[in-house]
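Residue strings, one per chain:
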Amino acid sequence: MPTLRQVFLNSFAQIIGKVITAGSTFIITVLVARSLGQGGFGEFTLMTTYAAMFYIAADFGFNAIALRLASGDETKLRSSYASLLGLRTIYGAGLVFIALAVLSFFPYSPILKLGTIVTILTILTQSLFTSANLVFQFRSRYDLSVVASSVGALINLALIYLLSQGSLSLLGIAASYVASGVAMAVVALLLVRTLIGRVGPSFDSAEWARLTWLTLPVGLTLLFNLVYFRADTFILSFYKPTTEVGIYGAAYKFFEVALVLPTFFMNALYPHLIKSYEENRDHFRQMVRYSILGLAGVGTFGAALGVMLSPWFFSLVYQGKFDESVLPFQILIASLPIFFLSSLYMWLMLILKRQKTMALVYAGGMLINIALNLYFIPQFSYLAAAITTGVSEALILLLTYYLSRDWKSTEKPSQSVSEERLV
């Protein structure tokens, strides 16, 4: 089946890329943890997590809507990409200023704040890279996205390795992330040019307003999802010392690696789901069924493997310095099947045009997650953070499953069922 072959080839390309980027992240994590210890690694976790909080804000779901509006039209792709490039350039710069302003309210040490300020600049490079991904996804050329991200990851690894041979510091790590981010963005933009030619940014405010309005429910959903996904680390830093943040961060870093698999799969599958939903409903249902089985199976296998091997793995990697991270990691990895399936149902909600309801679901999940963390973290520290992560995602999965259950229908949703149109 050509469609499935394309999906799996693109997913495979992303997996190869993730092997490179995750491998680089793994080595960087080990180098930083061994060099800085639990307290220093806690500061490293806070520094990188703070900047990453704004990556989703820079994304805001623009690509998903722009891809849908392009509808397979090459001319529309060029105009959508130009608008997106201009919008994200201005928007990314605005996010940098917001991030700097908000940082002033955090009770961090001067060196941690300085490192975070430098790392914040990666918001701009991430914005440009994400915009380039619109073209890669439209052309089903995620291998080119992989090339760009791999170049950035390898440069980051090389720089941090060189720094670790001397005296590794938060400021040096931050500068390395910025340099590698610039390299990744430049390579991505150059590769886009090979596909669609030279296309500069467009500063059409009317088009920006239209795209922002259409994307708003999706963007808010991603932001709500991000806040509840990252809030535990910051709440932990307010109530507990950085050593405990480091213990949780060491567990969470490896949990994050597993979570990219369903994201890659859905990135490759989403354009084909849109097309089959409009043109061949039987094919659409078949693709969703196979995806549910595959994601559930891989997620369950990964969870079992992670729980069993984690004591040996953490002992080997961290040389006995982060044995406390094993239990929170086991709790997190046990929820892997939930995260795999919720990724699919989120995109089903989008295809069914339930963006507003989806935003409300994730807003509720965020509020519940924050409330649980605020109540339990002061008593149970990072164990509460790990458990709350799985509980919150289970709630999200149950709600999105219920609200998107009519994906099996042979009829398109009527206007009374569908909440809004994208055009």
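The structure we're discussing is the one just above.
A brief look at the structure comes next.

Cut-offs applied
- Residues numbered from 1 in each chain as written.
- Predicted model: local features only at pLDDT ≥ 70, side-chain atom pairs only at ≥ 80, totals over all residues.
- Heavy atoms only, no water.
- Helix = DSSP H or I, 4+ residues; strand = E, 2+ residues; numbered from the N terminus.
- Rg over C-alpha atoms; globule rule 2.2 N^0.38 Å.
- Contact = heavy atoms within 4.5 Å.
- Areas by Shrake-Rupley, 256 points an atom, 1.4 Å probe, with all protein chains shown as cover.
- Phe/Tyr/Trp six-rings, centres within 6.5 Å; stacked < 30°, edge-to-face > 60°.
- Lys NZ or Arg CZ within 6 Å of the ring centre and 35° of its normal.
- Axes fitted to C-alpha atoms, helices over the stretch in contact; angles between N-to-C directions.
- Parallel < 35°, antiparallel > 145°, perpendicular 65-115°, else oblique.
- Left-handed = near helix turned anticlockwise from the far one by under 90°.
- Nonpolar A, V, L, I, M, F, W, Y, C, P; charged D, E, K, R; others polar.
- Patch = residues over 30% accessible without salt bridge, like charges linked within 9 Å, V, L, I, M, F, W, Y side chains within 5 Å.
- Salt bridge = Lys/Arg side-chain N within 4 Å of Asp/Glu carboxyl O.
- Buried < 20%, exposed > 50% of the residue type's maximum accessible area, 1.4 Å probe, protein only.
- Polar contact = N/O pair within 3.5 Å; in protein donor to acceptor, adjacent residues only side chain to side chain.
- Arc of directions from axis to C-beta.
- Bend = angle between axes of the 7 residues up to and from the residue.

## Some words on the overall build of the chain
Right, on to step 1. A tally of helices and strands in the chain yields 13 helices and zero strands.
Right, on to step 2. Reading the helices (α) and strands (β) of the chain from amino to carboxyl end gives α-α-α-α-α-α-α-α-α-α-α-α-α.
Right, on to step 3. Taken over C-alpha atoms, the radius of gyration comes to 21 Å for the chain, in line with the 22 Å a tight globule of 423 residues would show.
Right, on to step 4. Along the longest, intermediate and shortest principal axes, the C-alpha atoms of the chain span 55 × 45 × 40 Å.
Right, on to step 5. Considering only contacts within the chain whose residues lie at least 6 apart along the sequence, 85% involve residues at least 24 apart.
Right, on to step 6. For the chain, the computed accessible surface area is about 17600 Å², with 69% contributed by carbon and sulfur atoms.

## Overview of the packing of aromatic side chains
Right, on to step 1. Following the criterion strictly, the structure yields 23 aromatic pairs and no others.
Right, on to step 2. Over the ring of Tyr-277 we find Arg-281, and its NZ or CZ is 3.9 Å from the ring centre.
Right, on to step 3. Here Arg-405 stacks its cationic end above the ring of Tyr-402, 4.0 Å away from the centre of that ring.

## Thoughts on the packing of helix α10 (residues 281-318) against helix α11 (residues 326-334)
Right, on to step 1. The interhelical angle for the contact between α10 and α11, taken along N-to-C directions, is 170°, at an axis separation of 8 Å. Considering the angle they form, α10 stands roughly antiparallel to α11. Relative to α11, the crossing made by α10 is right-handed. In contact with Gly-302, Ala-303, Gly-306, Val-307, Ser-310, Pro-311 and Phe-314 of α10, α11 contributes Val-326, Phe-329, Gln-330, Ile-333 and Ala-334.
Right, on to step 2. Considered class by class, the residues forming the contact of α10 with α11 number eight nonpolar, four polar and no charged.

## Observations concerning a nonpolar patch on the surface
Right, on to step 1. A cluster of nonpolar side chains, Phe-301, Leu-305, Met-308, Leu-309, Trp-312 and Leu-316, forms an exposed patch at the surface whose accessible area comes to about 690 Å².
Right, on to step 2. By the element assignment, Met-308 lies in helix α10.
Right, on to step 3. Judged by relative accessible area, which is 60%, Met-308 ranks as exposed.

## A look at unusual backbone geometry
Right, on to step 1. Positive phi is not limited to glycine here, since Ser-381 has a value of about 55°.
Right, on to step 2. Looking at where Ser-381 falls in the secondary structure, it is placed in helix α13 (residues 355-403).
Right, on to step 3. For Ser-381, a relative accessible area of 8% gives the class buried.

## Some details on the side chain of Arg-88
Right, on to step 1. You can see Arg-88 is positioned in helix α3 (residues 74-103).
Right, on to step 2. There is a polar contact of 2.9 Å between the side chain of Arg-88 and the side chain of Asn-63.
Right, on to step 3. Here the side chain of Arg-88 touches Ser-131 through a polar contact of 3.1 Å, side chain to side chain.

## Quick notes on the packing of helix α9 (residues 242-279) against α10
Any two packed helices are characterised by the angle at which their axes cross and by the distance between the axes.
Right, on to step 1. Orientation of α9 relative to α10, taken along the N-to-C sense of each, is 170°, at an axis distance of 10 Å. On the basis of their axis angle, the class for α9 and α10 is roughly antiparallel. Residues Ala-250, Ala-251, Phe-254, Pro-262, Phe-265, Leu-269, His-272, Leu-273, Ser-276, Tyr-277 and Glu-279 of α9 lie in contact with α10, whose contacting residues are Arg-281, His-283, Phe-284, Met-287, Val-288, Ser-291, Leu-295, Phe-313, Phe-314 and Tyr-318.
Right, on to step 2. Tallied by class, residues from the contact of α9 with α10 come to 15 nonpolar, four polar and two charged.

## Details of the environment of Met-358
Right, on to step 1. When you line up the elements, Met-358 lands in helix α13.
Right, on to step 2. Sequence separation of Met-358 and Leu-316 is 42 residues, and the distance between their C-alpha atoms is 42 Å.
Right, on to step 3. Contacts of Met-358, omitting those with residues within four sequence positions, involve Thr-221, Met-346, Met-349 and Leu-350.

## Things to note about helix α4 (residues 110-119)
Right, on to step 1. All of the buried residues in α4 are Leu-112, Gly-115, Thr-116 and Thr-119. Each buried residue of α4 sits inside an arc of 100° when the element is viewed along its axis, so together they form one side.

## With respect to the side chain of Thr-119
Right, on to step 1. Inspection of the secondary structure puts Thr-119 in helix α4.
Right, on to step 2. Classification of Thr-119 by relative accessible area gives buried; the value is 2%.
Right, on to step 3. Discounting residues that sit within four places of it in the chain, Thr-119 has contacts with Met-47, Ala-51, Ala-174 and Val-178.

## Notes on the pattern of salt bridges
Right, on to step 1. Throughout the structure, instances matching the rule amount to one salt bridge.
Right, on to step 2. For the salt bridge of Asp-282 with Arg-285, the shortest nitrogen-to-oxygen distance reads 2.2 Å. With Asp-282 and Arg-285 both in helix α10 and three residues apart, the pair spans about one turn of that helix.
Right, on to step 3. For Asp-282, a relative accessible area of 53% puts it in the exposed group.

## Some words on α10
Right, on to step 1. The sharpest bend along α10 comes to roughly 55°, located at Leu-309, with the proline Pro-311 sitting one to four residues further on.
Right, on to step 2. Positive backbone phi, approximately 55°, marks Gln-319, located one or two places after α10.

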